[in-house]
Amino acid sequence: MAPEWAIGENKNYQQKLLVPGTKKRKLFGLLEKPNLPPAAPNVTYKLFMFGKASSGKTWTMNRLSGQELPTHHTETVGIQCSNVYWPMKIGNRLILFRLEIWDAGESSVKRYNHVLPACREGVDAVLLCFSVTDREGWLELPRLLTTATTPTDRAALIVIATRCDQYANREVSEGELDSFEATHGVPIIKLGGASEDQSDEITHTAPILNFLCKRLWQRDQELLSIKP
Amino acid sequence: MASWTLVGLWAPSGVPLFVRHTGHGKPPPYALIGSLNGVHVFGESHGVTLCTTRTQNASLTWKTYHDSIRLVLVRGSETTGDSSDSSLLDLMFASLVLLLGLDTVTSSTNIERLKRDIRPCFPLLDELLFRAVGGENHQGFSHLTGCAECVIPPEHHALQNEIEKFAESADSTYACVMMEGQVVSGTRNFWTLSHTELVLLPLLVTTNTFTVARDLPIYLPNKSPNVPFRMLVVQLTSHVSVVTLCGPTPSLADMIRSATSFWAPFYQVLEALSSLLPWNIAPALLAQLDNSVIGLLLVNYDHKRCVGCLHLSEDSRSRSLCVNKKSAALQSVYRSIIGPLLQPPAMPPEDFPTGLHPDHLPLESYVSTDSYKVYVLQSSPFHLLVLFPPALPIHIARQVSKRTLAIFTKGKTPRL
Ligand SMILES: Nc1nc2c(ncn2[C@@H]2O[C@H](COP(=O)(O)OP(=O)(O)O)[C@@H](O)[C@H]2O)c(=O)[nH]1
Ligand SMILES: [Mg+2]
């Protein structure tokens with residue numbers, strides 16, 4: 001049933017994601033994309049960052065897109081979208097994934113009623129964030145899990161455990177995370193600190209992006225097989 | 001380096017709402033903030049409004065808005081306050097209105113909530129403070145000139161038509177193309193926005209450069225302080241974005257789609273704009289500038305635009321002056337000349353002649369220091385500040401400045 005995942009994490013193609021001559025990831029405008037062989041098909045997915053205020057949604061989005069990480073918390077204003085390009089080999093085919101990540105600030109969600117529907121419309125995956133330094137948030141997680149997706153959007157659901165690098169303040173144990181995964185049948189991605197060495201950023205983030213793209217591709221295959 | 005602190009208080013009760021601090025040292029302690037308000041209240045109870053004062057090592061400015069928000073600006077290690085401090089406070093208050101709306105800011109009944117509400121404004125307030133203090137990578141003059149920070153592109157009109165069409169397709173009349181926080185081209189209506197709005201909107205765009213599209217609910221501090229707009233920002237290339245002020249439609253997803261298809265045919269034109277960086281002016285203008293010019297600031301108050309060039313003659317003479325110092329020099333001269341001697345919109349202050357010459361209108365001025373010379377020209381509606389190396393004789397600086405002004409203003413339509 002499960003296809004063979006021959007995932008080529010081709011470093012040559014990952015180079016195309018960087019600002020030439022640096023190890024910094026390039027910010028591609030809407031009219032731009034990485035310079036890959038034109039035959040490589042592009043697939044786009046919409047992801048929505050979900051979770052309580054200060055749970056690390058914006059941090060996670062910036063990590064995935066390889067952008068600078070804020071040193072102090074500022075509440076997100078309105079909606080913001082990032083495009084994360086990720087080339088991956090599936091089988092022996094090179095595919096350019098484009099993850100369109102949508103993130104919104106809490107007070108904008110409360111004050112303006114167009115914000116949440118805009119984020120949820122046509123979503124392929126919901127990334128539910130919580131911080132392992134926040135016990136209260138952890139206890140709320142099962143409830144959030146039920147509201148994260150709606151039956152109609154059939155979105156893939158992935159939980160992101162943030163602040164895993166803050167050992168001293170940790171309030172949720174590894175064991176608890178494992179049993180949560182098992183009981184609820186959702187994968188948890190553990191997000192530690194960014195690599196100190198900025199030049200290593202892409203290697204650091206690659207496993208997470210590989211996982212997300214694989215998960216989304218899998219979901220497509222499942223949805224296709226359901227359709228008559 | 002100087003230090004600047006902004007304190008926000010709820011005027012009716014004196015409760016501190018927030019403190020923002022930049023530069024060296026620590027922000028003032030809580031007790032001192034209390035006294036800052038106390039001094040002001042003491043004056044009020046005696047029928048005196050305390051506006052500004054100086055101490056041995058700081059200058060302070062107070063301003064109260066709508067009897068509700070009181071802002072205090074403390075400039076450490078500087079003892080000369082000036083009128084630009086008061087207009088900086090106006091911009092800071094307008095920043096609160098921009099993100100929260102006037103009613104929320106001024107008619108709050110729950111102070112704890114107001115404190116929370118104000119937090120998303122911090123990046124904008126901090127950006128203003130960074131600029132004022134002359135922080136690295138925070139160059140810009142719009143907060144002083146009250147005009148939009150611009151670049152002067154070579155093919156101005158090609159984009160002009162397109163931005164009008166694009167705005168129309170998005171059911172809007174306010175739109176502009178921006179590059180790295182500077183306006184490249186705006187719709188006719190975009191330029192009817194107030195000075196404050198033209199300063200703050202581009203600043204808000206620059207406070208987040210990591211994303212490819214944004215939907216920001218904002219209020220226009222002058223044009224629409226209580227009815228929100230949606231500011232849709234989409235990044236077209238790594239440097240160029242298009243900003244549109246919209247009502248309930250189009251959705252952000254629609255905007256992403258329509259902007260992509262609308263602007264795709266202009267990719268080359270947009271991409272070519274990045275060759276203006278870091279000079280900010282078209283190569284044809286750049287080529288005409290004299291080698292002795294190491295920096296300049298040009299303001300057109302009629303068109304509400306200004307352009308700052310700091311990367312001039314970098315290879316040759318000016319090695320002693322880094323971009324940061326050039327920016328600081330132009331800012332400092334702008335503050336000491338424009339206002340006290342010349343006034344926007346490029347006129348001498350009304351009260352200037354009294355007590356001096358009844359018919360004396362200052363049109364030119366200069367400042368000379370050990371590390372630079374700045375020549376200032378006034379020619380309505382323009383102010384031009386030209387930065388030179390310190391050794392250049394002043395009569396040459398004058399001639400070059402006049403020629404420089406002509407480069408930008410001669411011809412049927414001025415370039416700014
Ligand atoms: N060290 C570390 N800090 C984190 C992590 N996730 C979040 N943070 C911090 O928590 C703050 C709030 O996160 P943010 O993403 O802004 O929360 P949001 O309100 O959910 O968008 C950030 O500014 C970070 O400083 C993490 O995985 N590691
Ligand atoms: Mg956020």
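In case you missed it, the structure is sitting above this.
What counts, and where the lines are drawn
- Residues numbered from 1 in each chain as written.
- Chains lettered and ligands numbered in written order.
- Predicted model: local features only at pLDDT ≥ 70, side-chain atom pairs only at ≥ 80, totals over all residues.
- Heavy atoms only, no water.
- Phe/Tyr/Trp six-rings, centres within 6.5 Å; stacked < 30°, edge-to-face > 60°.
- Helix = DSSP H or I, 4+ residues; strand = E, 2+ residues; numbered from the N terminus.
- Buried < 20%, exposed > 50% of the residue type's maximum accessible area, 1.4 Å probe, protein only.
- Lys NZ or Arg CZ within 6 Å of the ring centre and 35° of its normal.
- Donors = N, O, S within 2.8 Å, 3.2 Å for Na, K, Ca; no water.
- Pairing = 2+ DSSP bridges.
- Axes fitted to C-alpha atoms, helices over the stretch in contact; angles between N-to-C directions.
- Contact = heavy atoms within 4.5 Å.
- Buried area = accessible area lost by both parts, 1.4 Å probe.
- Salt bridge = Lys/Arg side-chain N within 4 Å of Asp/Glu carboxyl O.
- Polar contact = N/O pair within 3.5 Å; in protein donor to acceptor, adjacent residues only side chain to side chain.
- Near = heavy atom within 4 Å.
- Areas by Shrake-Rupley, 256 points an atom, 1.4 Å probe, with all protein chains shown as cover.
- Core = buried A, V, L, I, M, F, W, Y, C linked by side-chain atoms within 4.5 Å.

Engineer: It is not clear to me how the packing of aromatic side chains should be interpreted in this structure. Could you clarify?
Structural biologist: Here a ring pair, both rings aromatic, is described through the centre-centre distance and the interplanar angle of the planes. Under the defined criterion, the tally for this structure stands at 16 aromatic pairs over all chains. Pairing B:Phe18 with B:Phe122 gives two aromatic rings, centres 6.1 Å apart and planes at 50°, and the pair type is tilted. Taken together, the residues span a long stretch of sequence, with B:Phe18 in strand β2 (residues 15-23) and B:Phe122 in helix α5 (residues 122-133) at a distance of 104 residues. Between B:Phe166 and B:Trp263, the aromatic rings sit 5.5 Å apart at their centres with planes inclined by 55°, giving tilted as the arrangement. With B:Phe166 in helix α7 (residues 156-169) and B:Trp263 in helix α9 (residues 252-263), the pair connects residues that are 97 residues apart, well separated along the chain. For the pair shown, B:Phe166 and B:Trp263 are each scored as buried. Ring pairs connect the aromatic residues B:Phe166, B:Phe262, B:Trp263 and B:Phe266, which therefore count as one cluster. One cation-aromatic arrangement involves A:Lys46 over A:Trp102; the distance from NZ or CZ to the ring centre is 3.8 Å.

Engineer: Would you explain the coordination of the magnesium ion (ligand 2) in this entry?
Structural biologist: Any two of four tetrahedral donors ideally make an angle of 109.5 degrees at the metal, while pairs among six octahedral donors ideally make 90 or 180 degrees. Residues and elements named next belong to chain A. The protein atoms that coordinate the magnesium ion (ligand 2) are Thr58 (OG1) and Thr76 (OG1), at distances of 2.1 Å. Of this pair, Thr58 sits in helix α2 (residues 57-64) while Thr76 is found in the loop between α2 and β2 (79-90), placing the two residues 18 residues apart along the sequence. Each member of the pair Thr58 and Thr76 is classed as buried.

Engineer: Explain the sheet that holds strand β3 (residues 52-54) of chain B to me, please; I cannot follow it from the model alone.
Structural biologist: Whether parallel or antiparallel, the strands of a sheet pair through hydrogen bonds between backbone atoms. All names here are of chain B. Spatially, β2-β1-β5-β4-β3 is the arrangement adopted by the five strands of the open sheet, whose pairing is antiparallel. Each edge of the open sheet is held by one strand with a lone partner, namely β2 and β3. Strand-to-strand, the axes of this sheet are offset by a mean angle of 15°, without reference to chain direction. Examined bridge by bridge, strand β1 (residues 3-10) and strand β5 (residues 69-76) share eight bridges and lie antiparallel to one another. Within β5, the residue paired with Leu6 across the bridge is Leu73.

Engineer: Help me out: how do you make sense of the interface of chain A and chain B in this one?
Structural biologist: Contact residues are listed per partner, giving 26 residues for chain A and 33 residues for chain B. With both chains or domains summed, chain A and chain B bury close to 2600 Å², and 64% of this area falls on carbon and sulfur atoms. The interface formed by chain A and chain B includes zero salt bridges. Between chain A and chain B we count 14 residue pairs in polar contact (both at pLDDT 80 or more) in total.

Engineer: Is there a simple way to explain the pattern of salt bridges in this structure?
Structural biologist: If charged atoms from side chains of opposite charge come close, those side chains can pair. Inspection of every chain in the model, using the stated rule, returns 25 salt bridges over all chains. Between A:Asp220 and A:Arg219 there is a salt bridge whose closest N-O contact spans 4.0 Å. Look at A:Asp220 and you get partly exposed, because its relative accessible area is 24%. For A:Arg219, a relative accessible area of 7% corresponds to the buried category. As a salt-bridge pair, B:Asp215 and B:Arg230 come within 3.0 Å of each other at their nearest N and O atoms. Highlighted residues: B:Asp215 in strand β9 (residues 213-220) and B:Arg230 in strand β10 (residues 224-235), separated in sequence by 15 residues. The exposure class assigned to B:Arg230 is buried, which follows from its relative accessible area of 6%.

Engineer: I'm lost on the site of ligand 1 in this one. Help?
Structural biologist: All names here are of chain A. Taken together, 17 residues are adjacent to ligand 1, and Ser54, Thr58, Trp59, Arg163 and Asp165 come closest. Taking Thr58, its side chain carries an N or O atom lying 2.8 Å from an oxygen atom of ligand 1. Take Gln166: an N or O atom from its side chain is 3.4 Å from a nitrogen atom of ligand 1. Calculation on ligand 1 without its partners gives an accessible area of 580 Å², and the protein chains cover 91% of this total.

Engineer: Could you clarify how one ought to interpret the environment of B:Asp302 in this entry?
Structural biologist: All names here are of chain B. Tracing the sequence through the fold places Asp302 in the loop between β12 (295-300) and β13 (305-309). The class of Asp302 is exposed, set by a relative accessible area of 56%. Distance from Asp302 to Arg214, taken between C-alpha atoms, is 31 Å for residues 88 residues apart in sequence.

Engineer: Which parts of the structure should I look at to understand unusual backbone geometry?
Structural biologist: Comment: phi is negative for the bulk of residues other than glycine, and the bulk of peptide bonds are trans. With an omega of -5°, the peptide bond between B:Thr249 and B:Pro250 qualifies as cis. Summarising the element assignment, B:Pro250 is placed in the loop between β11 (240-246) and α9. Note that the residue after B:Leu277, namely B:Pro278, is joined by a cis bond; omega there is 0°. With respect to the secondary-structure elements, B:Pro278 resides in the loop between α10 (267-273) and α11 (283-288). A positive phi is found at A:Arg154, a non-glycine position, where the angle reads about 50°. Owing to a relative accessible area of 48%, A:Arg154 belongs among the partly exposed residues under this scheme. At B:Glu180, a position not held by glycine, the phi torsion is positive, near 45°. Within the fold, B:Glu180 resides in the loop between β7 (174-179) and β8 (182-186). Overall, the relative accessible area of 47% leaves B:Glu180 in the partly exposed class.

Engineer: I tried to follow the nonpolar core on my own but got confused; where do I start?
Structural biologist: Soluble globular proteins tend to bury their nonpolar side chains together. Residue and element names in this part refer to chain B. Among the nonpolar cores identified, the biggest contains 81 residues, and Ile218 and Met231 are the most heavily contacted of them. It is helix α2 (residues 83-100) that contributes the most residues to this core, 11 residues altogether. Apart from residues no more than four positions distant in its own chain, Met231 is found in contact with Leu201, Leu204, Val205, Arg214, Asp215, Leu216, Ile218, Val243, Thr244 and Leu245. Judged by nonpolar contacts, the second largest core, of 61 residues, contains Tyr219, Val240, Leu252 and Met255.

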